[in-house]
Amino acid sequence: MKARIRITLKNGVLDPQGKAIQNALAALGISGVEDVRQGKYIEVELAETSEDRAKETVERMCKDLLANSVIENYAYELQRA
Amino acid sequence: MLRASVVVFPGSNCDRDVKVAIERVTGFPVNMVWHGDASVPASDLIVLPGGFSYGDYLRCGAMAAHSPIMRDVIAKAKAGTPVLGICNGFQVLCESGLLPGALMRNASLKFICRDVTLRVDNDKTFFTKCYRKGQVVRLPIAHAEGNYFADEETLDRLEGDGRVVFRYCDEAGEATPQANPNGAQRNIAGICDAAGRVVGLMPHPERLFELALGGADGRRMIESALLSALEAA
């Protein structure tokens, strides 16, 4: 099973990289960009075949390592191979 | 007698600097501990040094916080062993949950390497008792992720409990926005745990511990640790 995990900065947490990207887009002449937030995307291949157990595992990896709950949120979807 | 241990992670690069600084100031040999070891030998204090542990992969300090040695560092810290985290070591302390908050990318997005002025806001911790509250000191910073962040509730709690140890300030000791190099919330450069035994800070005391280096304001942090350890003995 494959887990596609997205990690994003919480609302209210300043994202200077997102701001820099927004400025770069404006410099390229791409208008109408109101906000940019940068995050991380991680794919994890799991040997697990049970969706419930896979969820448990992914929750644990997100909480313990992949995301920092002080500043980040995470979301994921599972996809059967 | 002072038994100090410095943890060495792959990518640490201030580990030897802090070893030399502690040995020169205290006269006692410092023990180096590899990150893959299961335990730190009995120590009066543990230092998590600056550098780029695990290449800053995922987030600064995130991988190091889960390395084998950190299980024992966390257990020892909870049992009362003082721990000092400098720069990357501060990031590791936050990632491991020993200190609250997180160190984010500098607001300027730039790596900043220069001296800053700091105000000592807590002179009661294990590592700061040889400073005076309100004293302005000069120490170097060298980081791209030193922008301290915590939610408002946590910041209020830290301030209320006197757990902000160092703040970026101007020459007069005022914590102004202009004196804040990295965007840190409330100009916070260093904090401590409730007992004042776990201290994390972004500036590098080991880089200015004797006048030959251009300044000696970091020396008092090591003297503080020695004095604290002798008092506890």
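For the structure, check the block above.
For clarity, every value in this text was computed on a predicted model and none was experimentally measured.

Trainee: I'd love a proper account of the overall build of chain A, names of residues and values included.
Mentor: Along chain A, the regular secondary structure elements total two helices and three strands. Secondary structure of chain A in N-to-C order comes out as β-α-β-α-β. The C-alpha radius of gyration of chain A comes to 16 Å, more than 25% above the 12 Å expected for a compact globule of 81 residues. Each principal axis of the C-alpha atoms in chain A carries an extent, and together these give about 45 × 30 × 15 Å. Counting only residues that meet the buried cut, chain A has 15% of its 81 residues in that class. Here the contacts in chain A between residues at least 6 apart in sequence split such that 70% fall between residues at least 24 apart.

Trainee: Which residues make up the overall build of chain B, and what are the values?
Mentor: Assigned secondary structure in chain B consists of five helices and eleven strands. For chain B, the C-alpha radius of gyration of 16 Å lies close to 17 Å, the compact-globule estimate for 233 residues. Once the C-alpha set of chain B is aligned to its principal axes, its extents read approximately 45 × 35 × 35 Å. Relative to its 233 residues, chain B shows a buried fraction of 56%. Of the contacts formed within chain B by residues at least 6 apart in sequence, a portion of 75% connects residues at least 24 apart.

Trainee: Tell me about helix α3 (residues 88–95) of chain B, residues and numbers included.
Mentor: Residue and element names in this part refer to chain B. Among the eight residues in α3, eight count as buried, and that is most of the element. Of the positions making up α3, those classed as buried are N88, G89, F90, Q91, V92, L93, C94 and E95. Elements in contact with the buried residues of α3: β3 (45–48), β4 (83–86), β5 (102–104) and β11 (198–201). Following α3 by one or two positions, G97 adopts a phi angle in the positive range, close to 85°.

Trainee: Could you give an account of the sheet that holds strand β2 (residues 39–45) of chain A, with specific residues and numbers?
Mentor: Residues and elements named next belong to chain A. The strand order β2-β1-β3 describes an open sheet built from three strands, whose pairing is antiparallel. Since the sheet does not close on itself, it has two edges, and those belong to β2 and β3 (72–79), each with one partner. With direction set aside, neighbouring strand axes in the sheet form an average angle of 20°. Pairing analysis gives eight bridges linking strand β1 (residues 2–9) to β3, with the strands arranged antiparallel. From the neighbouring strand, I7 faces β3, where its bridge partner is Y74.

Trainee: Give me the interface of chain B and chain A: which residues, what numbers.
Mentor: Counting from both sides, the interface comprises 13 residues of chain B and, opposite them, nine residues of chain A. Among the residues making up the side of chain B that touches chain A, the classes are represented as seven nonpolar, three polar and three charged.

Trainee: Talk me through the nonpolar core; I want residue IDs and the actual numbers.
Mentor: Core analysis: the biggest nonpolar cluster contains 77 residues, and V7 and V47 of chain B have the highest contact counts within it. Considering each element in turn, this core owes the most residues, five residues, to helix α5 (residues 219–232) of chain B. Not counting chain neighbours up to four residues away, the residues in contact with V47 of chain B comprise A4, V6, V18, L84, I86 and G89 of chain B. Listed in part, the eight residues of the second largest apolar core include I7, A54, V58 and C62 of chain A.

Conventions adopted
Residues numbered from 1 in each chain as written. Chains lettered and ligands numbered in written order. Predicted model: local features only at pLDDT ≥ 70, side-chain atom pairs only at ≥ 80, totals over all residues. Helix = DSSP H or I, 4+ residues; strand = E, 2+ residues; numbered from the N terminus. Rg over C-alpha atoms; globule rule 2.2 N^0.38 Å. Buried ≥ 20, exposed ≤ 12 C-beta atoms within 10 Å, placed from the backbone. Contact = placed C-beta atoms within 7 Å. Pairing = 2+ DSSP bridges. Axes fitted to C-alpha atoms, helices over the stretch in contact; angles between N-to-C directions. Nonpolar A, V, L, I, M, F, W, Y, C, P; charged D, E, K, R; others polar. Core = buried A, V, L, I, M, F, W, Y, C linked by C-beta atoms within 7 Å.

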